[in-house]
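Observations on chain architecture
Read off the chains here:
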Amino acid sequence: MHPTLNIAIKAARRAGQIINRASLDIGQLQVSTKQQNDYVTEVDKAAESAIIDILRETYPKHAILAEETGRSGQEDSEYQWIIDPLDGTTNFIHGFPQYAVSIAQVHKGTLAHAVVYDPSRNELFTASKGAGAFLNDKRIRVSKRTKLDEALLGTGFPYRMFDHVDAYLAIFKEMTKRTAGVRRPGAASLDLAYVACGRLDGFWEFGLSPWDMAAGALLISEAGGLVSDLAGESNYLATGNIIGGTPKVFSQILQVIAPHRQGALAA
Ligand code: IPD
Ligand code: CA
Ligand code: CA
């Protein structure tokens, strides 16, 4: 295993311990609202600070982009860490066990390493560019499904910015009619990890942040799947709009979304 991935795993597991401990007493959580339907707890902050401390011990100069503390480190470093210390905070606050720690490293603009860790199930998803994707050290691949009408898809509903809700609902209507089912589990990084290991055959969501997607996107491509933005290009981290899936399911999702692209991009 690449030593950088090892450090990222150490950081994700440390954050997972903090999250698991706090999950034993969610009644005690101090919840603040960042904006409408956007919550943060002291657990998000403590997990982020533990991750950053561990990364900094080994890589004091790397750039960091983290959800709760923003940018730090040397901005001109060729390495950047993208961190979501607790993806699925709303689920966590409610004791709904679907949340994860997401850590990715980008090298010269390309995703190099990824960890998505689900502490409630002790499921560790990892990938390094060119070396495949793994779940608890076992190689994972996207499912073999080719047909959209047999596919189980994941998605995320608009919940904070409603500018593109009509385009989203038109796509959702089409997907519910044309697939085996659609799920909204509530933690985008884990949804992408589930595509990578074949539990879902595809995923789409608009308006995400880079820390929701970076690690999960590398997991999918290293598991043999495809990931893109709404135009089928690779600008998902910048646009916030992402589609992923098995190669065949991915292209059918793109086709369903294509006629609604303008409405979705208006977000
Ligand atoms: C959220 C989750 C959710 C997605 C939201 C994200 P957070 O992340 O990934 O599934 O629909 O857009 O913001 O705020 O819980 O880290
Ligand atoms: Ca998130
Ligand atoms: Ca978060």
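Model, not experiment: these values are computed from the prediction. (Residues numbered from 1 in each chain as written. Chains lettered and ligands numbered in written order. Predicted model: local features only at pLDDT ≥ 70, side-chain atom pairs only at ≥ 80, totals over all residues. Heavy atoms only, no water.)

**Some details on the overall build of the chain**
Looking only at helices and strands, the chain features 9 helices and 15 strands. Rg of the C-alpha trace for the chain: 17 Å, near the compact-globule value of 18 Å for 267 residues, within the 12% margin. The dimensions of the chain, computed from C-alpha atoms along their principal axes, are 50 × 40 × 35 Å. Scored against the burial criterion, the 267 residues of the chain give a buried share of 53%. A separation threshold of at least 6 residues defines the contact pool for the chain, and within that pool the share at least 24 residues apart is 62%. Looking at the chain as shown, the accessible area adds up to about 11,700 Å², and 49% of this sits on carbon and sulfur atoms. Computing the positive centroid from 27 side-chain charges and the negative centroid from 29, the chain places the two 6 Å apart. (Helix = DSSP H or I, 4+ residues; strand = E, 2+ residues; numbered from the N terminus. Rg over C-alpha atoms; globule rule 2.2 N^0.38 Å. Buried < 20%, exposed > 50% of the residue type's maximum accessible area, 1.4 Å probe, protein only. Contact = heavy atoms within 4.5 Å. Areas by Shrake-Rupley, 256 points an atom, 1.4 Å probe, with all protein chains shown as cover. Lys, Arg positive; Asp, Glu negative; His and termini not counted. Charge placed at Lys NZ, Arg CZ, Asp CG, Glu CD.)

**What to know about the coordination of the calcium ion (ligand 2)**
For the calcium ion (ligand 2), the full set of protein donor atoms is Asp84 (OD), Asp87 (OD) and Asp212 (OD), at a range of 2.1 to 2.3 Å. In this structure, the calcium ion (ligand 2) is positioned 3.7 Å from the calcium ion (ligand 3), and both are ligated by Asp84. Overall, Asp84 belongs to the buried group, its relative accessible area being 1%. Judged by relative accessible area, Asp87 falls into the buried class, the value being 7%. (Donors = N, O, S within 2.8 Å, 3.2 Å for Na, K, Ca; no water.)

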